Amino acid sequence: MKRFIKINAADNVAVALADGVKAGEIAEFDNNRPVTLAEDIVRGHKFALCPIAKGEKVIKYGYPIGIATTDISPGQWIHSHNLATGLSDDLQYTYNPTGATVPAVDDHPTVNGYLRYDGAMGIRNELWIIPTVGCVNGQANAIATRLKAECNTEGIDDIRAFTHNYGCSQLGADHQNTRAALAALARHPNAGGVLVLGLGCENNQMAALREQMGQFDESRVRFLIAQDVEDEIESGVELCRELIALMKTDCRQPLPVSKLRVGLKCGGSDGMSGITANPLVGLFSDWLISHGGTTVLTEVPEMFGAETILMNRATDSGVFERTVDLINDFKGYFRSYGQPIYENPSPGNKAGGITTLEEKSLGCVQKGGSMPVVDVLDYACGLKKNGLNLLTAPGNDLVASTALALSGCQMVLFTTGRGTPFGTAVPTVKISTNSALSAKKNNWIDFNAGSTVENESFQHALTRLIEKIISVADGELTHNEKIGAKEIAIFKTGVTL
């Protein structure tokens with residue numbers, strides 16, 4: 001196993017790949033003078049390969065990740081004590097297209113999914129109970145509990161109430177976000193049946209929500225207002241029994257992998273994220289897109305500092321301009337609340353070796369591979385184009401993962417170096433950046449990418465990852481599904497009355 005890596009020929013730092021790297025150890029690289037470490041280096045953390053003067057750029061992944069705040073000698077540890085962000089506010093961007101194209105492929109793989117009325121594919125056949133307002137969360141849960149206890153659910157993958165705290169006392173964008181999010185959830189192809197449960201007096205009125213849904217399969221969605229009936233739990237159970245009877249007629253069938261839509265997310269990142277799991281997911285994204293499928297990259301604040309990589313892969317100037325707006329609008333969102341734009345890496349990120357936002361971003365965007373960017377989506381808006389899409393959402397794990405599901409993704413690939421057990425409304429595949437995490441938390445982690453710096457080639461790991469994702473699409477449960485860790489978190493930006 002390699003103990004160190006210099007990621008790009010232009011880098012003036014290297015990264016420790018193993019635990020127990022001690023001061024005095026010699027790091028050797030091709031075309032580089034050997035470097036003697038001046039201090040102990042934790043796995044995932046950086047050290048200097050050459051003298052770096054105060055004010056000079058620190059280079060990793062071939063791009064600047066910040067500015068040295070002191071003189072740094074070869075072999076010295078580089079982190080928050082001697083490195084600061086070099087990012088600034090809104091920038092002027094120029095479209096310099098890279099000419100990225102989608103290669104032709106000869107094979108035509110399939111997945112065993114559920115074909116929905118509109119041609120979309122579901123990879124689960126679940127019954128979802130969706131409250132319009134938090135006031136009826138208890139009733140939604142009670143209906144789900146009754147159904148699980150009383151009904152024959154053979155052929156039904158899950159019965160789930162997606163509770164939340166919103167739907168009333170919200171204004172402006174918050175109110176619209178809630179309505180759009182719930183409408184998108186009710187249309188999701190992983191749901192073979194949906195009960196939308198309202199209270200009756202909330203701001204998020206049922207009629208307006210139904211209008212927001214647009215075209216949907218009316219045979220598979222039921223609406224119930226609690227204040228209109230004597231016993232809303234009994235009424236809800238009866239409506240869901242009708243849906244279950246319909247869902248039992250659904251069967252998996254071979255469908256082209258081009259119908260697969262996969263969300264790309266990282267959380268609890270570490271210094272290994274941009275070396276192992278994120279590049280591997282990027283290879284999968286390229287593979288899926290080359291076969292006609294779709295991937296979605298979000299976490300807009302974690303594009304700051306790496307946004308030009310995505311901008312220059314835009315298919316045309318219109319997509320480029322929308323990507324510019326995506327970045328600058330999110331910076332404006334931070335400023336509107338008087339918050340710093342670049343205060344992003346969390347304590348866990350920093351403990352894992354990530355110092356600045358641009359370092360985090362340069363690792364994060366690797367999940368998007370190398371294919372052209374075909375579209376930019378607003379929050380809770382559905383996918384329109386196959387290929388690599390960018391989506392408006394923050395970096396928060398639950399909110400961003402939910403946003404990916406709301407866009408129509410049937411599953412989310414979630415890379416992590418620190419570990420997390422949560423899952424969103426769709427299967428959430430946890431991919432570890434290091435083998436130690438996979439071994440310790442094998443009840444959380446679905447796939448280990450840490451082997452790519454040990455004894456496994458990226459191509460072999462990609463083959464394994466494709467097999468894993470196809471298996472999940474075919475019905476294999478992820479760890480979050482096994483324990484029922486399935487939640488939604490709606491993007492909230494403003495005032496609550």
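Residue positions within a chain follow its written sequence, with the count starting from 1. Totals for whole chains, interfaces and linings use every residue, but because this is a predicted model, local features are given only for residues with pLDDT of at least 70 and side-chain atom pairs only at 80 or more, for both listing and counting. Where side-chain values are given, they derive from all heavy atoms of the structure, hydrogens and water being excluded.

Asks: Please set out helix H1 (residues 137–150) residue by residue, giving values where relevant.
Replies: Each full turn of the α-helix corresponds to 3.6 residues, which orients residues three or four apart in the same direction. Only DSSP runs of H or I covering at least 4 residues are called helices, and only runs of E covering at least 2 are called strands; the numbering of each starts at the N terminus. Each residue after the first adds 1.5 Å to the expected span of a helix. With 14 residues, H1 extends 20 Å from end C-alpha to end C-alpha; this agrees with the ideal 20 Å at 1.5 Å per step. The cut-offs for exposure are 20% and 50% of the maximum accessible area for each residue type, with area from a 1.4 Å probe on protein chains only; residues under the lower value are buried, those over the upper are exposed, and the others partly exposed. Of the residues making up H1, those classed as buried are Asn137, Ala140, Ile143, Ala144 and Leu147. Down the axis, H1 shows its buried residues gathered within 130 degrees of arc, on one side only. Exposed and facing more than 90 degrees away from the buried side of H1 are Thr145 and Ala149. By the convention used here, residues are in contact when the closest approach between their heavy atoms is within 4.5 Å. Packing partners of the buried residues in H1 comprise strand E12 (126–131), strand E13 (158–161), strand E14 (191–198) and helix H4 (232–247). The arc refers to the directions leading from the helix axis to the C-beta atoms.

Asks: Any chance you could break down the pairing of strand E15 (residues 221–225) for me, citing the residues and the numbers?
Replies: Both E14 and E15 contribute to a ladder of five bridges, which runs parallel. When the sheet's bridge partners are listed, Leu197 is paired in E15 with Leu224. Classification remark: right-handed applies to a crossover when, strands pointing away from the viewer, the course from the first strand over the helix to the second runs clockwise. Read from E14 through helix H3 (residues 206–213) to E15, the crossover connection turns out right-handed. When DSSP finds at least two bridges between two strands, those strands are taken to pair.

Asks: If you had to explain the sheet that holds strand E16 (residues 253–256) to someone new, which residues and values would you point to?
Replies: Read across the sheet, three strands follow the order E11-E10-E16 without closing on themselves; strand pairing throughout is antiparallel. Looking at the sheet topology across the chains shown, the edges are occupied by strand E11 (121–122) and E16. Note: strand E10 (residues 110–115) against E11, two bridges, orientation antiparallel. The partner of Leu115 across the bridge, within E11, is Met121.

Asks: Summarise the environment of Gly332; cite the residues concerned and give the values.
Replies: Here Gly332 is to be found in helix H7 (residues 317–336). Measuring from C-alpha to C-alpha, the distance between Gly332 and Asp90 comes to 8.6 Å, with 242 residues separating the pair along the chain.

Asks: Talk me through the packing of H1 against H4; I want residue IDs and the actual numbers.
Replies: Angles here are taken between N-to-C directions and fall from 0 to 180 degrees, while the axes themselves are lines fitted to C-alpha atoms, restricted in helices to the stretch in contact. Between H1 and H4, the least distance of the axes is 9 Å, while the angle of their chain directions is 50 degrees. With respect to their mutual orientation, H1 and H4 come out oblique. Judged by the sense of rotation from one axis to the other, the crossing of H1 with H4 is right-handed. Residues Gln139, Ala142, Ile143, Arg146, Leu147 and Glu150 of H1 touch H4, and the partners they reach there are Glu232, Ile233, Glu234, Gly236, Val237, Cys240, Arg241 and Ile244. Think of it as three bins: nonpolar holds Ala, Val, Leu, Ile, Met, Phe, Trp, Tyr, Cys and Pro, charged holds Asp, Glu, Lys and Arg, and polar takes everything else, Gly as well. Considered class by class, the residues forming the contact of H1 with H4 number seven nonpolar, two polar and five charged. The scheme is simple: roughly parallel for angles under 35 degrees, roughly antiparallel for over 145, roughly perpendicular for 65 to 115, oblique for anything else. The sense of a crossing depends on the near helix, which, turned anticlockwise from the far helix by less than a right angle, makes the crossing left-handed and, turned clockwise, makes it right-handed.

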